[in-house]
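In case you want the letters, here they are:
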Amino acid sequence: MGTHDEDDVARRWFDVADTAPLLIDARGVVRSWTREAERLLGYPAAEAVGEDLAGLLAPGDSERLPYVMDRCRRDGGWAGLLSARRRDGRPVSVMARITSADEPGGSARRLVLLNEMADAPGWDMSRAVLEQMIGGSPIGIAMVDADLRFVWSNAALTQFGGGPPESRLGLRLAEVQPGLNSEAIEAQMRRVLATGEPVLGYELVGRVRAAPHRETAHMLSFTRLNDEHGAPMGVYYTVVDMTERHRARQRLALLDRAGRRIGRSLDIARTAQELADVAVPGFADLVTVDLLEPVLRGAEPSPGQVSDDAEDSVTLRRAGRRATGDPGVATGSREVVHRGGSPAVRCLVGGRPWRVERLDPLDPLDPLTEEWVADLPAGSEPPSALIVPVRARGVTLGVTTFLRRHRHEPFGEDDLALAEDLVSRAAVCVDNARRYTRERDAALVLQRNLLPRRLPEQDAVEVAACYRPADELTGLGGDWYDLIPLSGARVALVVGEVPGHGIDAAAAMGRVRTAVRTLAALDLPPAEILAHLDDLVSRMDDEEGMAAETEPREPRSGGAQTVGAACVYVVYDPVDGQCVMAAAGHPAPAVVLPDGSVTFIELPQGPPLGAGGPPFESAEVTLPEGSTLALHTDGLLARGERWALDTDRERLRQALEQSADTLELRCGTVIDALVPARPYDDVALLMARTRRLPAERVADWELPADPAAVAEARKTASRRLAEWGLAELSFTTELVVSELVTNAIRYATGPIRLRLIRERTLVCEVFDGGTTAPHLRHPRATDEGGRGLLLVSQVTQRWGTRFLPEGKIIWAEQSLTDPEA
């Protein structure tokens with residue numbers, strides 16, 4: 001009903017009412033009495049004139065009279081409901097309006113009684129009009145006077161509490177419906193009375209005393225009623241029950257929250273906890289999520305995990321729990337034993353939910369809910385309970401328990417349907433997390449097996465490495481690191497990554513790392529190593545493409561792509577501190593100098609491996625002893641956005657400047673400072689603190705290209721071994737020196753140098769200006785020559801050749817730690 005219609009009703013109500021005017025003075029004494037007043041109240045004028053008006057009113061309103069008269073003096077008039085007392089003693093309720101009287105002194109008041117509200121003929125007529133127009137409306141409708149006391153209400157208002165319409169007359173809302181938020185409603189009425197502006201669509205959610213467990217929602221509209229002079233007389237308001245619509249909105253809001261909050265990660269326990277967090281406190285007061293133990297490990301539930309007999313007890317793991325008042329932090333997985341025959345076991349076996357309006361305290365659901373039930377205040381009602389199996393793809397993964405205390409009404413069928421919807425959504429997320437956990441664990445095992453379990457021992461650098469896998473939503477990536485010992489006491493430091501995530505990325509990483517180690521054995525400069533690796537990656541990708549065409553298989557999330565892999569390859573020589581490096585689509589290393597300052601090497605960037613482009617270039621620097629090289633993948637500098645790198649290296653500089661007792665602690669400090677616990681991308685960090693071999697552990701001689709120099713070289717080498725305390729290696733060393741120097745004199749040109757290095761092995765190197773690599777031959781018995789390198793290979797641990805811009809070096813190593821070698 002519109003506002004204008006409501007005003008029309010009010011006008012017609014007052015227009016049809018009979019009036020009984022009389023005159024009172026400022027003290028409330030009756031000055032004149034009319035026949036209408038005598039008819040209404042039964043007092044003749046002789047008995048009424050001169051009497052105090054308070055004597056003609058019921059006891060309650062006689063006490064209100066000073067307040068009413070004060071309102072009249074302050075506001076110039078008053079309108080409202082009065083309880084009068086007839087001459088025969090029967091109380092009657094009348095509508096009254098007091099206005100100023102135009103008499104000398106201006107202190108008299110004209111009181112107009114707007115007939116009896118119960119059975120006067122005029123009221124019968126006004127009530128008939130109201131009942132005819134709005135009395136039968138299904139919407140609750142009421143009118144109150146300026147003091148907010150009920151004047152009229154329809155039968156439909158009874159459904160909101162407070163008894164039949166006649167029992168409301170003269171009462172305030174708080175007296176009719178205790179427990180309802182009457183203060184908020186009356187505040188709206190006063191606002192309407194004061195401003196004249198209607199209030200439409202005011203929503204009120206609360207509980208009434210008659211149904212303290214049931215939360216109700218109503219929509220109210222308020223309109224002011226005015227007299228013929230435009231003065232406010234009261235308020236006309238309507239009430240519509242919005243409880244079911246309110247509950248529907250709540251259910252939709254809960255499902256919306258569940259869709260946004262459950263399954264944000266691929267962690268099983270975290271997903272279970274998210275289900276519990278979403279349902280408390282809006283839907284339940286306590287929620288527990290119990291899963292089968294194999295599920296938490298990412299495995300399929302074993303067939304014998306749950307017996308077909310519901311009388312057998314079942315052990316589950318509590319993956320999520322939340323109760324009203326909890327801070328919302330996951331309690332961690334703990335063992336929970338559900339007794340045979342309990343509702344939880346029946347749900348596990350049968351796969352169907354279970355509901356009870358009030359739980360029997362003597363038959364609790366499980367030991368943990370037993371503690372919660374025992375904590376109930378004395379005399380309070382037992383909780384209402386729901387148990388819903390966690391099922392996904394036809395497999396039962398566990399059970400979810402919902403409990404409500406006295407604050408909520410018991411669970412109903414609508415609540416059961418909502419709980420099943422919530423749990424089914426969470427079950428799919430749990431199953432996805434379980435499947436991902438299984439694959440992630442397999443990928444992580446593969447990754448760890450392909451990464452070096454322990455970096456090789458050597459004397460060139462002190463080294464520490466850290467690897468942090470990506471978060472669950474991204475999946476394990478293909479970042480890797482390595483340290484490869486080279487000839488001449490040198491080491492190669494390598495860090496790289498391949499595109500994609502998952503098992504395929506880990507496998508691709510293993511192939512690239514193996515290729516790098518194989519190429520490192522060639523002892524080529526870093527730029528040439530990357531050039532060969534670039535060719536290998538291209539061939540790997542071609543072979544993978546051909547295999548996919550001939551043997552199609554189910555695609556995986558990460559793919560096995562190697563094209564686009566990145567790598568930085570660094571070679572450090574501890575003899576002279578020289579460091580040579582090259583990069584393929586990879587960040588350049590940072591260097592922490594001995595004084596603690598941090599610099600970044602200006603390294604020419606080559607294209608990613610297999611992508612094609614300009615040739616790779618190397619950079620060469622000489623590092624002071626005690627400098628620390630920091631090689632890292634691009635995930636170290638990512639700010640968290642996908643592939644958005646922090647080009648400003650200031651954060652890395654600040655992290656590297658932090659001191660730590662050991663290099664390993666320093667490596668972990670840098671990772672913690674720059675990388676979140678669950679990064680979007682994998683992160684690998686390799687830190688190497690450089691060392692220098694002391695000069696007394698290196699011996700170097702220039703030799704003439706004269707066969708006579710061979711004997712002198714043998715003697716010189718033997719003397720140096722004696723000084724080093726390695727006289728037992730003199731015979732083998734003299735043989736190696738003799739063969740290598742002889743080959744250099746016979747087949748090469750230019751200067752010849754002999755160098756001995758005492759590290760973990762004894763290294764013998766012979767440099768010459770030739771560019772032809774020697775070849776190991778197996779001579780026949782009748783051959784007179786060709787046995788030199790064969791002898792060297794037999795008496796040494798390993799040997800090889802590496803090329804320099806000005807020539808080549810043939811080297812051989814003898815173990816200093818293995819007696820048998």
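As the structure is a computational prediction, the values presented were derived from the model and not from experiment. All residue numbers here refer to positions counted from 1 along the written sequence of the relevant chain. Reporting in this predicted model follows two pLDDT cut-offs: at least 70 for local features of residues, and 80 or more for side-chain atom pairs to be given and counted; totals over whole chains, interfaces and linings ignore these cut-offs and use all residues. Hydrogen atoms and water are omitted, and side-chain values are computed over all heavy atoms in the structure.

Q: Describe in detail the packing of aromatic side chains, supporting the description with residues and values.
A: Whether two aromatic rings pair depends on their centres lying within 6.5 Å, for rings of Phe, Tyr and Trp, where Trp uses its six-membered ring; planes under 30 degrees apart make the pair stacked, over 60 edge-to-face, and the rest tilted. Going through the model one piece at a time under the given rule, you end up with four aromatic pairs. Taking 5.5 Å as the distance between ring centres and 45° as the angle between the ring planes, the aromatic pair formed by phenylalanine 283 and phenylalanine 411 counts as tilted. In this pair, phenylalanine 283 sits in the loop between helix H9 (268-279) and strand E11 (286-291) while phenylalanine 411 sits in the loop between strand E16 (395-404) and helix H13 (413-450), placing the two residues 128 residues apart along the sequence. Of the two residues examined, phenylalanine 283 and phenylalanine 411, each falls in the buried class. A helix here means a DSSP run of H or I that spans at least four residues, while a strand means a run of E at least two residues long, and both kinds are numbered starting from the N terminus. Residue burial is assigned from relative accessible area. The probe radius is 1.4 Å, only protein chains are included, and a residue is buried under 20% of its type maximum, exposed over 50%, and partly exposed in between.

Q: Quick one: what's the story with the packing of helix H8 (residues 243-261) against H9, residue by residue and with numbers?
A: For the pair H8 and H9, the least separation of the axes is 10 Å and the interaxial angle reads 155°. As summarised for this structure, H8 and H9 are arranged roughly antiparallel, according to the angle between their axes. The handedness of the crossing between H8 and H9 comes out as right-handed. Contacts between H8 and H9 involve Leu254, Arg257, Ala258 and Arg261 from the former and Glu274, Asp277 and Val278 from the latter. Side-chain classes are defined by residue name, with Ala, Val, Leu, Ile, Met, Phe, Trp, Tyr, Cys and Pro counting as nonpolar, Asp, Glu, Lys and Arg as charged, and the others, Gly among them, as polar. Here the residues of the contact of H8 with H9 are counted per class, giving three nonpolar, no polar and four charged. Helix axes are fitted only over the stretch in contact, all axes being lines through C-alpha atoms; the angle between N-to-C directions runs from 0 to 180 degrees. Angles below 35 degrees are treated as roughly parallel, those above 145 as roughly antiparallel, those between 65 and 115 as roughly perpendicular, and all remaining angles as oblique. In this scheme the handedness of a crossing depends on how the near helix is turned from the far one: anticlockwise by less than a right angle means left-handed, clockwise means right-handed. Whether two residues are in contact is decided by their heavy atoms, any of which lying within 4.5 Å being enough.

Q: Any chance you could break down the nonpolar core for me, citing the residues and the numbers?
A: Among the nonpolar cores identified, the biggest contains 55 residues, and Leu493, Leu533, Tyr569 and Leu629 are the most heavily contacted of them. Listed by contribution, the elements that provide at least two residues to this core are strand E18 (478-485), strand E19 (491-498), helix H14 (503-520), helix H15 (526-550), strand E20 (566-573), strand E21 (578-584), strand E26 (628-632) and strand E27 (683-690). Broken down by element, this core gets its largest block of residues, seven residues, from H14. Ignoring sequence-local partners within four residues, the contact set of leucine 533 consists of Val512, Ala515, Val516, Leu519, Cys567 and Leu609. In these notes, a set of buried Ala, Val, Leu, Ile, Met, Phe, Trp, Tyr and Cys residues joined through side-chain atoms within 4.5 Å is what counts as a nonpolar core. Leu292, Ala319, Val388 and Ala419 belong to the second largest nonpolar core, which has 43 residues in total.

Q: Got a sec to walk through the packing of helix H19 (residues 730-747) against helix H20 (residues 788-795)? Specific residues and values, please.
A: Axis separation between H19 and H20 bottoms out at 10 Å; the angle between their running directions is 150°. Taken together, the axis directions place H19 and H20 in an arrangement best described as roughly antiparallel. Remark: the crossing between H19 and H20 carries left-handed chirality. Counted together, Thr732, Leu735, Val736, Glu739, Leu740 and Asn743 of H19 and Gly788, Leu789, Leu791, Val792 and Val795 of H20 form the full contact between these two elements. In the contact of H19 with H20, the residues fall into seven nonpolar, three polar and one charged.

Q: Tell me about the pattern of salt bridges, and name the residues and values.
A: In what follows, salt bridge is the name for a side-chain nitrogen of Lys or Arg lying within 4 Å of a carboxyl oxygen of Asp or Glu. Enumeration according to the criterion identifies 37 salt bridges in this entry. Here arginine 689 ties to glutamate 462 by a salt bridge, and the two come within 2.9 Å at their closest N and O atoms. Here arginine 689, found in strand E27, pairs with glutamate 462, found in strand E17 (residues 461-468); they are 227 residues apart in sequence, far enough to count as distant. Glutamate 462 sits in the partly exposed class, given a relative accessible area of 28%. In this structure, arginine 720 and glutamate 723 form a salt bridge, with 3.1 Å as the shortest nitrogen-oxygen distance. Taken together, the residues span about one helical turn, with arginine 720 and glutamate 723 both in helix H18 (residues 709-723) at a distance of three residues. With relative accessibility at 22%, the residue arginine 720 sits in the partly exposed group. Via salt bridges that share partners, Glu300, Arg393, Asp431, Arg434, Arg435 and Arg438 belong to a single interconnected network.

Q: Quick one: what's the story with the sheet that holds E17, residue by residue and with numbers?
A: If you walk across this open sheet you meet the five strands as E17-E27-E26-E22-E23, and the pairing is antiparallel. The open sheet terminates on both sides in strands that have one partner only, identified here as E17 and strand E23 (598-600). Adjacent strand axes in the sheet meet at a mean angle of 20°, parallel and antiparallel pairs treated alike. Only strands joined by at least two bridges in the DSSP assignment are considered to pair. Bridge analysis of strand E22 (residues 590-592) against E26 gives three bridges, and the strand direction is antiparallel. Residue pairing across strands places valine 591 opposite leucine 629, the latter belonging to E26. The sheet contacts of helix H17 (residues 663-674) involve E17, E22, E26 and E27, and relative to E17 the element is tilted by about 35°.

Q: Quick one: what's the story with the environment of valine 491, residue by residue and with numbers?
A: Tracing the sequence through the fold places valine 491 in strand E19. Taking the C-alpha atoms as reference points, valine 491 and valine 570, separated by 79 residues in sequence, lie 8.2 Å from one another. Beyond its immediate sequence surroundings of up to four residues, valine 491 is in contact with Gln458, Ala460, Val461, Leu483, Ile484, Pro485, Leu486, Val570, Val571 and Tyr572.

Q: Describe unusual backbone geometry, naming the residues involved and giving the relevant values.
A: The residue after valine 280, namely proline 281, is reached through a cis peptide bond having omega 5°. Assignment of secondary structure puts proline 281 in the loop between H9 and E11. Its identity is not glycine, yet arginine 393 carries a phi of approximately 55°, on the positive side. Assignment of secondary structure puts arginine 393 in the loop between strand E15 (384-392) and E16.

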